[in-house]
Amino acid sequence: MTNVKGARTLPSVSRLWLSIGLLLALVFQLANAASSKTAFPDLYEASVLELQDGLDKGLFTSVDLVEAYFARIEEVNLKGPELRAVLEMNPSALATAAELDKERKTKGKRSLMHGIPILLKDNIATTASEGLNTTAGSFSLLGSIVPDDAAGAIILGKANLSEFAEFRGNLASGWSGRGGQCTNAYFPNADPCGSSSGSGVAASIGLVAVTLGSETDGSITCPSSNNNLAGIKPSVGLTSRAGVIPISSHQDTVGPMTRSLTDAAIVLSVIAGPDPNDNFTLVQPSPVPDFTKALNANALKGKRIGVPRTVFLNDSISGNDPFVNVQFEKALDVIRGLGATVVDPADLESAEEIVNSNNETIVLDVDFKVFNPSGVRSLADLIKFNDANPTLEEPTNFTDQSEPQCVFFQALAFDQDLGSTRGIDATLKKFKLDALVLPAPGFTTVPAAIVGYPIVTVPLGFYPQNVTIGSAGPLTVYPAPGFSEFELIGLAFAYEQKTKTRLERKALLLLFRRRS
């Protein structure tokens, strides 16, 4: 999680927050890691639809895919650039792939995700039969067994993350005791952002077809931005959190991190829906839409898009490099060119209060809890384990893992007021808007986080080479009432298809070599 400031009770309405990301990159050609004897598409950029087409035509099998992705991970995870994006690989993946290949031949595919390898952030649970741990990156939870399996496809393995979703104290983005320091593939040792760091890095260079991350405040949005991806942070209650190691039931949500919005829409269509094990999901509209039907290149035409400049576009507050806003102004011109009316400014009345509020921290501190079968059953147990194992769980210069305290329900109410009543909802109504748009760094994710509204991120551009390496920045939208991901995906897709920014550059290092 990043930019933590507050939380809320489950809203009766939700808004959309669309983001477009910047990152620093140099151009190097990456070769396909697959065997030259197998007719794979370029796995660096291959889409779910391309992979399904090859599987349907018999050009390769799911077993072939798993072997190819394992080989790609082996080359760069702990060797070469040592990206440390993947914590562990699934010993059952090849057997599962073989079963799904057989099912494809005898019964046909279940969905567009049939036989497609995915990586899960290591706070998302899998059953013991998968042979994978669920530890949030911490040795204290090693050996945990959970009751429910994660949904869909072939689980290739678990992705590294900021330990306990960056809620353990003053830790670097992408560091965990089990995984070490995950780094960005676009520049040596660059910030991958967190807490879904490994999910972002792995998806960015095709170590897997798609990944899942989780977000409390910024943890899908920021690593999607920093790693040149499309990411969807769903409304709280659209996707189940059952089996996810929690920070906050009021803010946590699970969503896809992919190389295109098409892939993200495919994944979201599979993972969205009610789950009796997560009561927040039982209030979502029914039926769950097919989000791929939202992929409309003309979705921005006739829309009114607002720009809340106060606080969020002030570099002295956000800490952003000025180049972020330069690119953002160009993005606004693209949005106008796609037929939208840009209302500028369209400020949030509560913006300055959001920056100064400590309500989100109070809510998350009280919500945070740990319960698992590894012997760590409380926050006090966790802190005791970390202090007893400093070589595993306390990196150099680590000083703080304070216990939470405070006035929970009052903070929840304040967050609802700041984020919704005098924030997103008020601004949409006042200016008659369909959405709000902003660059992602700084405090951009906070208003959506504290009221559980969704965020979509698509690439905006790249820093020039003379800019100091820094965080990336995306575009954010809060549209109409209800669980409005469908409308949001359409707006983001229109921008993505017009710009195709992701394809402008590839990662810095020649990560993969062709095999004979």
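Below is a short write-up of the structure. Throughout, a residue's number is its position along its own chain's written sequence, starting from 1. Per-residue local features of the predicted model are confined to residues with pLDDT of at least 70, and side-chain atom pairs are confined, for both listing and counting, to 80 or more; whole-chain, interface and lining totals are unaffected and use all residues. Each side-chain value is worked out from all heavy atoms of the structure, with water and hydrogens disregarded.

**A few points about the environment of Ser-357**
Secondary structure elements are defined from DSSP: runs of H or I of at least 4 residues count as helices, runs of E of at least 2 residues count as strands, and each element is numbered from the N terminus. Among the structural elements, Ser-357 can be located in the loop between helix H10 (351–356) and helix H11 (359–367). Taking the C-alpha atoms as reference points, Ser-357 and Ala-411, separated by 54 residues in sequence, lie 9.5 Å from one another.

**Some details on the nonpolar core**
Remark: nonpolar core denotes a set of buried residues (Ala, Val, Leu, Ile, Met, Phe, Trp, Tyr, Cys) joined through side-chain atoms within 4.5 Å. Here's how the labels work: a residue is buried when its accessible area is under 20% of the maximum for its type, exposed when over 50%, partly exposed in between, all with a 1.4 Å probe on protein chains only. With 105 residues, the main nonpolar core has Leu-51, Leu-261 and Ile-335 as its most contacted residues. Looking at this core element by element, the count peaks at 8 residues for helix H2 (residues 62–76).

**Examining the pattern of salt bridges**
Any Lys or Arg side-chain nitrogen located within 4 Å of an Asp or Glu carboxyl oxygen qualifies as a salt bridge. Evaluation of the coordinates by the stated rule reveals 17 salt bridges. A salt bridge links Lys-158 to Asp-122, with the nearest nitrogen and oxygen atoms 3.6 Å apart. Residue Lys-158 is located in strand S4 (residues 154–159), and its partner Asp-122 is located in the loop between strand S3 (117–121) and S4; the two are separated by 36 residues in the primary sequence. Salt bridges here are not isolated pairs; linked through shared partners, they connect Glu-88, Asp-122, Lys-158 and Arg-178.

**Digging into the sheet that holds strand S12 (residues 435–436)**
The strand order across the open sheet built from 3 strands is S11-S10-S12, with neighbouring strands paired in parallel fashion. If you trace the sheet from one side to the other, it starts and ends with strand S11 (341–343) and S12, each paired once. Sheet analysis places strand S10 (residues 304–306) next to S12, joined by 2 bridges and oriented parallel. Looking at the pairing, Ile-305 lines up with Ala-435 of S12. Pairing between two strands is assigned when DSSP locates at least 2 bridges connecting them.

**Quick look at the environment of Ala-46**
On the secondary structure map, Ala-46 appears in the loop between strand S1 (17–24) and helix H1 (48–57). A residue is classified by how much of its surface remains accessible, and Ala-46, at 1% relative accessible area, is buried. Separated by 164 residues in sequence, Ala-46 and Val-210 have C-alpha atoms that sit 9.9 Å apart.

**With respect to the packing of helix H9 (residues 322–337) against helix H17 (residues 485–499)**
Pairs of packed helices are described in terms of their axes, by the angle between the two and the distance that separates them. Only the stretch in contact is used when a helix axis is fitted, and all axes are lines through C-alpha atoms; the angle between N-to-C directions ranges over 0 to 180 degrees. Close contact between H9 and H17 brings their axes to 10 Å; oriented N to C, the two are set at 105°. Classed by the angle they form, the pair H9 and H17 counts as roughly perpendicular. Two secondary-structure elements touch here, H9 through Ala-331, Val-334 and Ile-335 and H17 through Tyr-495, Lys-498 and Thr-499. Nonpolar residues are Ala, Val, Leu, Ile, Met, Phe, Trp, Tyr, Cys and Pro. Charged residues are Asp, Glu, Lys and Arg, and all others, Gly as well, are polar. A breakdown of the residues in the contact of H9 with H17 according to their chemical character gives 4 nonpolar, 1 polar and 1 charged. Here the angle decides the label: under 35 degrees means roughly parallel, over 145 means roughly antiparallel, 65 to 115 means roughly perpendicular, and every other value means oblique. Contacts are assigned to residue pairs that have any heavy atoms within 4.5 Å of one another.

**Section: the side chain of Ser-248**
Among the structural elements, Ser-248 can be located in the loop between strand S8 (230–233) and strand S9 (253–258). Classification of Ser-248 by relative accessible area gives buried; the value is 0%.

**Section: the state of the cysteines**
Disulfides are defined in this document as cysteine sulfur pairs within 2.5 Å. Overall, the coordinates contain 1 disulfide when judged by the stated rule. Disulfide pairing is shown between Cys-193 and Cys-222; the S-S distance is 1.9 Å. Of note, the bridge from Cys-193 to Cys-222 carries an S-S torsion of about 100° and is right-handed in sense. Separated by 29 residues along the polypeptide, Cys-193 in the loop between strand S6 (180–181) and helix H5 (197–204) and Cys-222 in helix H6 (residues 221–226) bring together distant segments of the chain. The buried category is assigned to Cys-193, whose relative accessible area is 3%. Take Cys-222: its relative accessible area is 16%, and that puts it in the buried class.

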